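Each chain, letter by letter, is given below.
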Amino acid sequence: MRKTLIGALALSTLSLAISQANADEHSIKVGTVAGPETDVMQVAVDLAEERYGLDVEIIEFTDYVTPNAALADGSLDANAYQHEPYMKAMVNDRGYDFAIAGRTFVYPIGAYSEKYDAIEDLPEGATIALPNDPSNEGRSLILLHNEGLITLDDPTNLEATPLDIVENPKDFDFREIEAAQLPRVLPDVDMAFINNTFAQPAGLTLADALVKEGPESPYVNIIAVRGGDEEREAIKQLVDAYQSDEVAAKAEELFKGAAVPGWE
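Here's what I pulled together on the structure shown here.

Calculation rules
- Residues numbered from 1 in each chain as written.
- Predicted model: local features only at pLDDT ≥ 70, side-chain atom pairs only at ≥ 80, totals over all residues.
- Heavy atoms only, no water.
- Pairing = 2+ DSSP bridges.
- Helix = DSSP H or I, 4+ residues; strand = E, 2+ residues; numbered from the N terminus.
- Contact = heavy atoms within 4.5 Å.
- Axes fitted to C-alpha atoms, helices over the stretch in contact; angles between N-to-C directions.
- Core = buried A, V, L, I, M, F, W, Y, C linked by side-chain atoms within 4.5 Å.
- Buried < 20%, exposed > 50% of the residue type's maximum accessible area, 1.4 Å probe, protein only.
- Phe/Tyr/Trp six-rings, centres within 6.5 Å; stacked < 30°, edge-to-face > 60°.
- Expected span 1.5 Å × (residues − 1).

What about the sheet that holds strand β6 (residues 127-131)?
Strands in a sheet are paired, the pairing made by backbone hydrogen bonds, and the direction either parallel or antiparallel. Strand order across the open sheet formed by five strands is β9-β6-β10-β5-β11, with mixed pairing between neighbours. Each edge of the open sheet is held by one strand with a lone partner, namely β9 (173-177) and β11 (211-212). Two elements, β6 and strand β10 (residues 191-194), share two bridges in a ladder whose sense is parallel. Of the residues in β10, the one forming a bridge with I128 is M191. Across the sheet, helix α5 (residues 134-146) touches β6, β9, β10 and β11, and the angle it forms with β6 is around 140°.

Okay, structure coming up:
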């Protein structure tokens, strides 16, 4: 009788473990930056539940650094907020083991001003605010280089900083500021480069930008996971749900053409 009870208990424990493993595989956490991109992800989450029975919890962040730290330490199963150059910069800087599970949208960066209507109107000594994260700062400086307003020593360097400017004929004053704070400082500077993640909630659209990236931008956003997890079935299901007509339609509604599907 005792052996029978022990055997039944072991079988019950094994069944519970298998059930828990199955539940874990169908329950994942994905990080986003608070704002319209979270609303877009919610459409994918609802679709993943409808199609696959996947239980996805969205965790919102307000900065560009913490979501990768949370992914690395296992607090998240995936995040969807960054482009590949930024992820590579973080991997090189912090030694993260990340992989790309899928592509989302290109969100072109733009330069905005409350004081001037054209980039040619910027005066000598104008104050220009830049996002202070590694690749978006270079992305902004490359746009200025392409406009002929500055000269970079290497215009292909995606991690360029103001130290890499070799010619600054109008003596622009560059200020490096956290991306989320750029809309707030816009009234205090002559021009600011603002990611669409933060521009759109602040009431700015690409139509307002003095200069902006075109659809050929290499900065397509991604769904990032820990290395090897791109093969997890739940991750593949989330990517499939995200790369859908329903998600593309929601992005068009929210971003008015400023979000270009990167999976097509």
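Some remarks on the nonpolar core
The tendency in soluble globular proteins is for nonpolar side chains to be buried as a group. The biggest cluster of nonpolar side chains holds 60 residues, and the ones touching the most others in it are V40, M41, F105, Y112, I194, Y242 and F255. Setting aside residues no more than four positions away along its own chain, Y112 makes contact with L186, D190, M191, A192, I194, A199, L204, T205, L206, D208 and A209. Membership of the second largest hydrophobic core comes to 23 residues, among which are L141, L143, L210 and V211.

Thoughts on the packing of aromatic side chains
Across all of its chains, the model carries 11 aromatic pairs by this definition. Between Y96 and F98, the aromatic rings sit 4.8 Å apart at their centres with planes inclined by 25°, giving stacked as the arrangement. Comparing Y96 with F98, the two get one shared label, buried. Taking 6.3 Å as the distance between ring centres and 85° as the angle between the ring planes, the aromatic pair formed by Y242 and W263 counts as edge-to-face. Here Y242 is found in helix α8 (residues 233-242), whereas its partner W263 is found in the segment after β13 (260-261), with 21 residues between them in sequence. Under the relative-accessibility criterion, Y242 is labelled buried at 4%. Three or more aromatic residues joined by ring pairs form one cluster here, namely F105, Y107, Y242, F255 and W263.

Topic: helix α2 (residues 36-52)
The terminal C-alpha atoms of α2, which comprises 17 residues, lie 24 Å apart, in line with the 24 Å expected from a rise of 1.5 Å per residue. If you check which residues of α2 are buried, you get P36, E37, T38, V40, M41, A44, V45, L47 and A48.

Concerning the pairing of β10
A two-sided burial pattern is seen for β10, the buried positions comprising M191 and F193 on one face and A192 and I194 on the other. As paired strands, strand β5 (residues 110-112) and β10 are joined by three bridges and run antiparallel to one another. The residue bridging A111 from the neighbouring strand is F193, located in β10.

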